[in-house]
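Breakdown of the fold
Each chain, letter by letter, is given below.
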There are 2 protein chains.
Amino acid sequence: MHIAIDAMGGDGCVDLTVPASLQALLKFPELSLILIGNEEQIAPLLADTTAAVKERLSVLHTAEQISDEDKPGTVLRNARQSSMYLATELVKRGEVQAMVSAGNTGALLMIGRHLLKTITGIQKPAIVATIPGATRQGYLLDVGANPECGAQQLFEFAVMGSVLAESLNGTAASVGLLNIGAEHYKGTEEVRLASQQMKQCSALNYIGFIEANELFEGVADVAVCDGFVGNVTIKSSAGVANVVNKFLAEQLPGTSSDTVANDVLTRLAAQINPQRFNGASLLGLQGSIVKSHGNATVEGFTYAIQQAVREVENAVPQLIAKKVAAIIEAN
Amino acid sequence: MHIAIDAMGGDGCVDLTVPASLQALLKFPELSLILIGNEEQIAPLLADTTAAVKERLSVLHTAEQISDEDKPGTVLRNARQSSMYLATELVKRGEVQAMVSAGNTGALLMIGRHLLKTITGIQKPAIVATIPGATRQGYLLDVGANPECGAQQLFEFAVMGSVLAESLNGTAASVGLLNIGAEHYKGTEEVRLASQQMKQCSALNYIGFIEANELFEGVADVAVCDGFVGNVTIKSSAGVANVVNKFLAEQLPGTSSDTVANDVLTRLAAQINPQRFNGASLLGLQGSIVKSHGNATVEGFTYAIQQAVREVENAVPQLIAKKVAAIIEAN
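Some remarks on the packing of aromatic side chains
- For the structure shown, the criterion picks out zero aromatic pairs over all chains.
- Directly above the aromatic system of A:Tyr303 lies the positively charged group of A:Lys27, at a separation of 5.2 Å from the ring centroid.

Encoded structure:
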C-alpha cells in the first residue's frame, strides 16, 4: 500500500508530518509512504530511523509549498510544483492509492477536483468527518467544502456517506438529515426538499431529521448537512472537548498519587480527544484524499494517515463510484 | 418585580415549571410570579409551600395549552386562551415585566411578534443563548428564530447582542461573526457582506470572523450567526457535554471513597452542565420573553427564570430599543 504525504502542510509543517509518518509506518507493516516537501528540512528528522522503516519511506523534493493565506482560486496557476499538487498528481497517476495533507482546505479541494475529477453523478466533493458514536463510529458530511448546498447536493452526500459507512463499519447504515427540529416544517427549504428526496430513495435507510445533540448518541450512522453547518458542528464540539481537557489538565497535577482519579480522567480525556477523530476524507473524487486539521498534533496526523489506510483497504472511492452511479441513475 | 410563567410548556409541564418557580421565589425575595395554566394540575404541587412564598405567587387558570406539534402559523387563530398567549398578553398590558416559557419555540415567536411587536429598526427577533466563556459569559445569537438570514439581519443581531452584553456584563463588548475560517473570502456571501457592514459601524467593537471552537475561549463577548447555525452550535456543544456527564456518572459509583476524584469531577460536571446555561431571550421585541429548553430540568428552568430577572433588573428591552434606534439610524 502506497500513500503520499504532503509534508509541508499544517501549522507544524515537517515537525508534524514526518514524526507522524514514522509512527504510521511502525503501526502498518504493509504501508509505504512518499514524503513530498523540502528535503533539507525533512532529512534531519529521519536521522534516527531504522533501516527496516527507511526501506518503506522515500522523499520527493520540492521547495514550493501552499500557505493558508493562498487563495484557492490562484493555486492552479501558481502552485503546480507545490508539495500538495505533486502529492495529488501521484494519486492521479496511480503511483500511490491515497494522499494526506494538513494544508489549506480550499486549495486541496481545488487541486483534488482539477486533477482527480468528481465521480459521475456527483456535483462537488464533500468533506466527511468521523464522529464518536455510542456503539460505532458515525460520519458527518459536509464539514466545510460547500458552505451552501441545494437539496440535490444534500441527497448526494447522503448516498456517499451511506456507502462509506457501510463499507467501513461493515453493517447497513442509517442516514439522518441535520435540522433544527424534528417537525416536518422546520429548517430551510433546501433541507425540507432534500428530506423528501431521501424518503423516496429505497437504497437509503433514511430516518428523518436529527438534531445536533443526537449526533453523539449514535442515532444515525451518517448525518448530512451543508458545509457551513457541519464545520461549525465539529468545531464547537472540539471547543467543548478542549474546555474539558484543559480543566482536567489544570486539576490533575502530574504528581498526584490519586490513581483512581487519574485513571478515570485519563480514559475520559482519551474518549473525547479531538485528535482521535482527525482525518476527514474528501468524498466524491476519483481517488482518495484525506484532510488533517491544520493544528493537529503528531498523534492526530497519525490518525489521519490511518484513515487513508482504511479507505485504501476498503477501496472506498471505487465502491462509491460504483454504488453512487447505480443509485443516482435510479432516482 | 412581576414575571409570568407559562406553566404548561415543556416536556415536564407543571412538574417542571411549578417546582422551578418555587425555587426562584426562594432565591429572589423581590420576585412575584403568576403561573398560567391548569389550576387543577398546579394546585397539588403548591400544597407544601410556606405562606411567605405563597404571598408572592398567584395562579391564572386556563385549560388550553399549545403543544410542540401545533404549527406556529395556526396559533394566532386557535390558541388565544392558551397559557403561552395569556402570559404574553400580561407582558403587553404591563402587568408583568417578563414571561418565561419552555413551550413550542415557533409559536412563542409568533405570539411574541404579534402581541409585543419588534423594536423600531429590527426586522425580526432573534433568540440569544448564554455560553460559558473563559472569563465572563458570552452571548450567541440567533440560535433558532431565523433559519436563514440576510446581511442586514446579521448586522442587527450584532447591535442587539452588543447592547445586551454591555448591559449585563457591565463592560464594553466585543462582537465576532461566526464563520468557517478567518480569511476574508471564506463563508457565504451574506456573512461576507455582514462583516463589511459591521466593520463600518463605529458603535460596534467588531473583531472579525471567529470559528466555533473559539466560542468557548472567550475570544468575543458576542457571536453572531443565522438561526440554523446557532441552533446546531448550542445543540452539538450540549451533546458533547452530555457525553462527558454520562461518562462521569458511569465511572463514579456513589459509594466511592475517593473524595479528591469526586470533588474534581463534580466541579467539572458543574462547569459543563448545559442546564446552567438554559434560558434564551427573544431579543428585539418590545418586552421580555425568555425561552427555556423543552427538556430542561427543574434546575434548568430555574436558571431561565433567573435570566428573566436579570433582564428586568437591567431593563434590557428598553435599553436595546434606545440604543438600536440610535445606531441603526446612524448607519
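Let's pick the thread back up.
Observations regarding the domain arrangement of chain A
All names here are of chain A.
- Along its sequence, chain A is carved into domain 1 (1–122 + 284–331) and domain 2 (124–278).
- On a C-alpha basis, the centroid separation for the pair domain 1 and domain 2 is 23 Å.
- On the side of domain 2, 23 residues touch domain 1, which itself brings 29 residues to the contact.
- Roughly 2400 Å² is buried in total at the junction of domain 1 and domain 2, and carbon and sulfur atoms are behind 66% of that figure.

Examining the interface of chain B and chain A
- Contact residues are listed per partner, giving 48 residues for chain B and 47 residues for chain A.
- Both sides together, the interface formed by chain B and chain A hides about 4300 Å², and carbon and sulfur atoms give 71% of it.
- When residues of chain B are sorted by the area they lose upon contact with chain A, B:Ile180, B:Phe228 and B:Phe247 head the list and together hold 15% of the total.
- Salt-bridge contacts for B:Lys235 lead to A:Glu211; the nearest nitrogen and oxygen are separated by 2.3 Å.
- On inspection of chain B and its partner chain A, the count reaches seven residue pairs in polar contact (both at pLDDT 80 or more).
- Contributions of two or more residues to the side of chain B that touches chain A are made by helix H8 (189–199), helix H9 (227–251) and helix H10 (259–271) of chain B.
- It is H9(B) that provides the largest number of residues to the side of chain B that touches chain A, a total of 17 residues.
- Along the lines of polarity and charge, the residues of the side of chain B that touches chain A split into 23 nonpolar, 15 polar and 10 charged.

Digging into the side chain of A:Arg56
All names here are of chain A.
- Within the secondary structure, Arg56 sits in the loop between helix H3 (51–54) and strand E3 (57–61).
- For the buried Arg56, no salt bridge exists, and the shortest N-O distance to an oppositely charged side chain is 6.2 Å, to Glu55.
- Within the structure, Arg56 has its side chain in polar contact with the backbone oxygen of Leu31 (distance 2.9 Å).
- Filtering out sequence-adjacent residues up to four positions away, Arg56 remains in contact with Leu25, Phe28, Pro29, Leu31, Ser32 and Leu33.

Brief notes about the sheet that holds strand E10 (residues 280–283) of chain A
Residues and elements named next belong to chain A.
- Taken in spatial order, the 11 strands line up as E3-E2-E1-E4-E11-E10-E5-E6-E9-E7-E8 in an open sheet, and their pairing is mixed. Of all strands in the sheet, those bounded by a partner on one side alone are E3 and strand E8 (205–210). Averaged over all neighbouring strand pairs, the angle between strand axes comes to 25°, with direction disregarded.
- Here strand E4 (residues 98–101) pairs with strand E11 (residues 288–291) via four bridges, running parallel. Paired with Val100 across the strands is Val290, a residue of E11.

Observations concerning the side chain of A:Asn38
- Relative to the helices and strands, A:Asn38 resides in the loop between strand E2 (32–37) and helix H2 (39–42).
- By relative accessible area, A:Asn38 is classed as buried at 14%.

Digging into the relation of the copies chain B and chain A
- Superposing chain B onto chain A takes a rotation of 180° plus a shift of 0.0 Å along the axis, which leaves an RMSD of 0.0 Å. This pairing of chains is accounted for by a two-fold axis.
- Interface overlap between copies: 98% of the residues of chain B at the interface are likewise at the interface in chain A, consistent with a symmetric, same-surface contact.

The rules behind each value
Residues numbered from 1 in each chain as written. Chains lettered and ligands numbered in written order. Predicted model: local features only at pLDDT ≥ 70, side-chain atom pairs only at ≥ 80, totals over all residues. Heavy atoms only, no water. Phe/Tyr/Trp six-rings, centres within 6.5 Å; stacked < 30°, edge-to-face > 60°. Lys NZ or Arg CZ within 6 Å of the ring centre and 35° of its normal. Domains from an automatic or database assignment. Contact = heavy atoms within 4.5 Å. Buried area = accessible area lost by both parts, 1.4 Å probe. Salt bridge = Lys/Arg side-chain N within 4 Å of Asp/Glu carboxyl O. Polar contact = N/O pair within 3.5 Å; in protein donor to acceptor, adjacent residues only side chain to side chain. Helix = DSSP H or I, 4+ residues; strand = E, 2+ residues; numbered from the N terminus. Nonpolar A, V, L, I, M, F, W, Y, C, P; charged D, E, K, R; others polar. Buried < 20%, exposed > 50% of the residue type's maximum accessible area, 1.4 Å probe, protein only. Lys, Arg positive; Asp, Glu negative; His and termini not counted. Pairing = 2+ DSSP bridges. Axes fitted to C-alpha atoms, helices over the stretch in contact; angles between N-to-C directions. Least-squares fit on C-alpha atoms with pLDDT ≥ 70 in both.

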